[in-house]
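# Report on the structure
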Amino acid sequence: EAGVTQFPSHSVIEKGQTVTLRCDPISGHDNLYWYRRVMGKEIKFLLHFVKESKQDESGMPNNRFLAERTGGTYSTLKVQPAELEDSGVYFCASQGGWNTGELFFGEGSRLTVL
Amino acid sequence: KQEVTQIPAALSVPEGENLVLNCSFTDSAIYNLQWFRQDPGKGLTSLLLIQSSQREQTSGRLNASLDKSSGRSTLYIAASQPGDSATYLCAVSFRPYKYIFGTGTRLKVLA
């Protein structure tokens, strides 16, 4: 069974540019999460999808970040325009259901904004 | 404010030692607690999940315990090996679906 896959693994862009990160969850997992780790800090929650619906986006830093999950399958996280402080590793995780609880993470997408 | 703290931040031990990693959290009303391992430049690998009704979980040389009343979980690693070297992360869900992570313990097991 394929795990959670993320693309790209590393992206280097200049301030002001746009980047789109993609996550493919484990097949059949309705719950999809985005997390972020910036340098030296703990991993922090960004948002949570159940199927195609956003359940909780309280962790999104500001309106430069837009997440979508069309059709309830893969998800994208767009940063537009990117700022220096957006640099970090963006992790995607999927989960089958709340009573199973276990999160499965992807390898992460490292974003460097110059 | 709900927080998760991990102590120590870093640990270096000789191969073969049994060791304990600690995770503390500020609110006893949790749903789940999950321990992860992260290798450099890699994603998070789930090690053990403890649901709120459970007291411990075991997998191979790993044992995780949960004491909600004291706001603590410990990860016990028996007979440590160099391959155990990684960062160990504790994540607690205080609400369904939303996990808060600790900053992790960087473990180095010396051959």
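Residues numbered from 1 in each chain as written. Chains lettered and ligands numbered in written order. Predicted model: local features only at pLDDT ≥ 70, side-chain atom pairs only at ≥ 80, totals over all residues. Heavy atoms only, no water.

## Brief notes about the overall build of chain B
What counts, and what does not: Going along the chain from the N terminus, every DSSP run of H or I of four or more residues is numbered as a helix, and every run of E of two or more is numbered as a strand. Throughout, radius of gyration means the C-alpha value; the globule benchmark is 2.2 Å times the number of residues raised to the power 0.38. Buried means the residue's accessible area, taken with a 1.4 Å probe over protein chains only, is under 20% of the maximum for its type, while exposed means over 50%, and partly exposed covers the values in between.
Regarding its fold elements, chain B presents zero helices and eleven strands. In chain B, the order of α-helices and β-strands from amino to carboxyl end is β-β-β-β-β-β-β-β-β-β-β. On C-alpha atoms alone, chain B measures out to a radius of gyration of 13 Å, which is about the 13 Å that the 2.2 N^0.38 rule sets for 111 residues. Once the C-alpha set of chain B is aligned to its principal axes, its extents read approximately 40 × 25 × 20 Å. A burial count over chain B gives 45% of its 111 residues as buried.

## Describing the overall build of chain A
The line we're drawing: Contacts are residue-level and defined by heavy atoms, with any inter-residue pair within 4.5 Å sufficient. To be clear on the numbers: accessible area is Shrake-Rupley with a 1.4 Å probe, and residue cover counts the displayed protein chains and nothing else.
Along chain A, the regular secondary structure elements total zero helices and eleven strands. Listed by position from the N terminus, the elements making up chain A come as β-β-β-β-β-β-β-β-β-β-β. Its C-alpha atoms give chain A a radius of gyration of 13 Å, near enough to 13 Å, the size a compact globule of 114 residues would have. The C-alpha extent of chain A, read off along each of the three principal axes, is 40 × 25 × 25 Å. Across the 114 residues in chain A, those meeting the buried criterion constitute 47%. When contacts within chain A are restricted to residue pairs at least 6 apart in sequence, those whose partners lie at least 24 apart make up 51%. Entry remark: accessible area of chain A is about 5700 Å², with carbon and sulfur atoms responsible for 48%.

## A closer look at the sheet that holds strand 8 (residues 75-79) of chain A
All names here are of chain A. Note the cut-off: Being paired, for any two strands, means DSSP has found at least two bridges between them. Angles shown run from 0 to 180 degrees and are taken between the N-to-C directions of axes, each axis being a line fitted to C-alpha atoms and, for helices, limited to the stretch in contact.
Reading across the sheet, the four strands line up as 1-3-8-7 and stay open at both edges, with antiparallel pairing between neighbours. Bordering the open sheet on either side are strand 1 (5-7) and strand 7 (65-68), each of which pairs with just one other strand. Along the sheet, successive strands turn relative to each other by an average axial angle of 15°, direction set aside.

## Some thoughts on the packing of aromatic side chains
Given two aromatic rings, one states the distance between the centres and the angle between the planes to describe the pair. Residues and elements named next belong to chain A. Going by this rule: Pairs were defined over the aromatic rings of Phe, Tyr and Trp, the Trp ring being its six-membered one, requiring ring centres within 6.5 Å. Orientation was assigned from the angle between planes: stacked under 30 degrees, edge-to-face over 60, tilted for the rest.
Applying the stated rule across the entire model yields nine aromatic pairs over all chains. Centroid distance Tyr33 to Tyr35: 6.2 Å. Interplanar angle 35°. Geometry classified as tilted. Judged by relative accessible area, which is 0%, Tyr33 ranks as buried. The buried category is assigned to Tyr35, whose relative accessible area is 0%. When the centroid spacing of 5.8 Å and the interplanar angle of 80° are considered together, the rings of Tyr35 and Phe45 count as edge-to-face.

## Details of the nonpolar core
Put simply, the rule is: Here, nonpolar core refers to any group of buried Ala, Val, Leu, Ile, Met, Phe, Trp, Tyr and Cys residues whose side-chain atoms link them within 4.5 Å.
Counting residues in each nonpolar core, the largest one holds 24 residues, and the members touching the most others are Phe25(B), Leu33(B), Trp35(B), Leu75(B), Ile77(B), Tyr88(B) and Val92(B). Taken together, the elements giving at least two residues each to this core come down to strand 3 (19-25), strand 4 (32-38), strand 5 (44-51), strand 7 (62-67), strand 8 (72-77), strand 9 (86-95) and strand 11 (105-110) of chain B. Counting residues per element, this core draws most heavily on strand 9 of chain B, which supplies five residues. Residues Ile13(A), Phe65(A), Ala82(A) and Leu111(A) belong to the second largest nonpolar core, which totals 21 residues.

## Some words on the state of the cysteines
Let me state the cut-off plainly: The disulfide definition used here is simple: a pair of cysteine sulfur atoms within 2.5 Å.
For the structure on display, the rule yields two disulfides over all chains. Here Cys23(A) engages in a disulfide with Cys92(A); their sulfurs sit 1.8 Å apart. Across the disulfide from Cys23(A) to Cys92(A), rotation about the S-S bond amounts to roughly -65°, and the bridge is consequently left-handed. Pair noted here: Cys23(A) is in strand 3 (residues 19-24) and Cys92(A) is in strand 9 (residues 88-95), with a separation of 69 residues, a long-range link. Residues Cys23(A) and Cys92(A) agree in their burial class; the two are buried. Here Cys23(B) engages in a disulfide with Cys90(B); their sulfurs sit 2.0 Å apart. Handedness of the Cys23(B)-Cys90(B) disulfide follows from its S-S torsion of about -60°: it is left-handed.

## Side note on the pattern of salt bridges
Basically, it comes down to this: Each salt bridge in this description consists of a side-chain nitrogen of Lys or Arg and a carboxyl oxygen of Asp or Glu lying within 4 Å of one another.
Within the structure shown, the criterion is met by ten salt bridges over all chains. The salt bridge partner of Arg64(A) is Glu85(A), with a shortest N-O separation of 4.0 Å. Of this pair, Arg64(A) sits in the loop between strand 6 (53-56) and strand 7 while Glu85(A) sits in the loop between strand 8 and strand 9, placing them 21 residues apart in sequence. Residue classification places Glu85(A) among the exposed residues on the basis of a relative accessible area of 54%. Of the charged contacts, one joins Lys1(B) and Glu3(B) as a salt bridge, the two residues approaching to 3.9 Å between their closest N and O atoms. Residue class for Lys1(B) comes out exposed when judged on its relative accessible area of 86%.

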